[in-house]
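Each chain, letter by letter, is given below.
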Amino acid sequence: EYIDVKEFCERVFDAFKLKYSDLKLNYSIEVESELYADPVLLNSVFQNLIDNAYKYSPVDRKVLEVVVQQNKKNFVITFEDKGIGIDKKEFNSIFKKFYRVKNQFNQQGSIGLGLAFCKEITEFMGGEIKVESQLGIGTIFTLTFPLDVKKL
Ligand code: ATP
Ligand code: MG
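Looking at an unreviewed UniProt entry, the protein carries the name histidine kinase, with the source organism given as Sphingobacterium olei.

This is the structure:
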């Protein structure tokens, strides 16, 4: 179905603010077009990225900046945290099922499926997911969806 991206993101991110009350979640949404996507799946992708940003940030650095923009061809959604970061050599592995980075804190109840799910769903919707990160500084996940996405 066609999603009003601005309205959808505002509603979803406001709900996350309530759910993660000790996460400082800021967002900005600068889009006009609609996106052809499944809102439940898109919400689950956002949920997984926010869950990670929350889990992998120390208590005094639980900050997440979400920016939703569009250019001529794509919607571009970035999730930038100030967490523990991810080593470059892990960038491919983290998207694999059941893969988890070793020697991390705060991993109870996690099984390593979140990002594999995000990648699968994003690509199913015709989009892409990318990671940039610096250890000890933070991480940016970028979702890109073509404006004229194939109808599912
Ligand atoms: P699950 O999502 O199933 O609860 P998980 O969070 O461990 O488990 P993924 O979401 O797939 O699994 O993430 C894979 C690994 O990538 C994590 O174990 C973590 O080490 C690393 N990671 C993911 N997101 C971040 C982030 N925002 N900051 C730092 N490390 C991250
Ligand atoms: Mg996860």
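**What to know about the site of ligand 1**
Near ligand 1 lie 22 residues; those nearest to it are N52, V101, S110, G114 and L115. Contributions of two or more residues to the shell around ligand 1 are made by α2 (39–55) and α3 (114–124). Taken together, the residues that form the shell around ligand 1 break down as 10 nonpolar, 10 polar and two charged.

**A word on the sheet that holds strand β4 (residues 63–70)**
Strands sit in the order β2-β4-β5-β7-β6 across an open sheet of five strands; the sheet is mixed. The sheet is open, and its two borders are formed by β2 (24–30) and β6 (128–134), each paired with just one other strand. Averaged over all adjacent pairs, the angle separating strand axes in this sheet is 10°, with direction ignored. Bridge count between strand β5 (residues 74–81) and strand β7 (residues 138–146): eight bridges; the pairing is antiparallel.

**Here we look at the nonpolar core**
Of all hydrophobic cores here, the largest spans 29 residues; its most connected members are V5, L49, I50, A53, L64 and F79. Listed by contribution, the elements that provide at least two residues to this core are α1 (5–19), α2, β4, β5, α3 and β7. No other element matches α2, which puts six residues into this core. Apart from residues lying up to four places away in sequence, L64 is in contact with L23, L25, I50, A53, F79 and D81.

**Comments concerning the pairing of β5**
Burial along β5 is one-sided: F75, I77, F79 and D81 are buried, while N74, V76, T78 and E80, pointing the other way, are not. In terms of strand pairing, β4 meets β5 through seven bridges, oriented antiparallel. Directly across from V66, in β5, lies its bridge partner F79. The hairpin formed by β4 and β5 contains three residues between the paired strands.

**Quick look at the confidence of the model for the protein**
Taken as a whole, the protein shows an average pLDDT of 93; of its residues, 94% reach a score of 70 or greater. In the predicted assembly, ipTM is 0.99 and pTM is 0.95.

**Looking at unusual backbone geometry**
A negative phi holds for most residues other than glycine; trans holds for most peptide bonds. Of note in the backbone geometry, F98 takes a positive phi value of approximately 65° without being a glycine. Relative to the helices and strands, F98 is located in the loop between β5 and α3.

The rules we used
Residues numbered from 1 in each chain as written. Chains lettered and ligands numbered in written order. Predicted model: local features only at pLDDT ≥ 70, side-chain atom pairs only at ≥ 80, totals over all residues. Near = placed C-beta within 6 Å. Helix = DSSP H or I, 4+ residues; strand = E, 2+ residues; numbered from the N terminus. Nonpolar A, V, L, I, M, F, W, Y, C, P; charged D, E, K, R; others polar. Pairing = 2+ DSSP bridges. Axes fitted to C-alpha atoms, helices over the stretch in contact; angles between N-to-C directions. Core = buried A, V, L, I, M, F, W, Y, C linked by C-beta atoms within 7 Å. Buried ≥ 20, exposed ≤ 12 C-beta atoms within 10 Å, placed from the backbone. Contact = placed C-beta atoms within 7 Å. pLDDT = per-residue confidence, 0-100.

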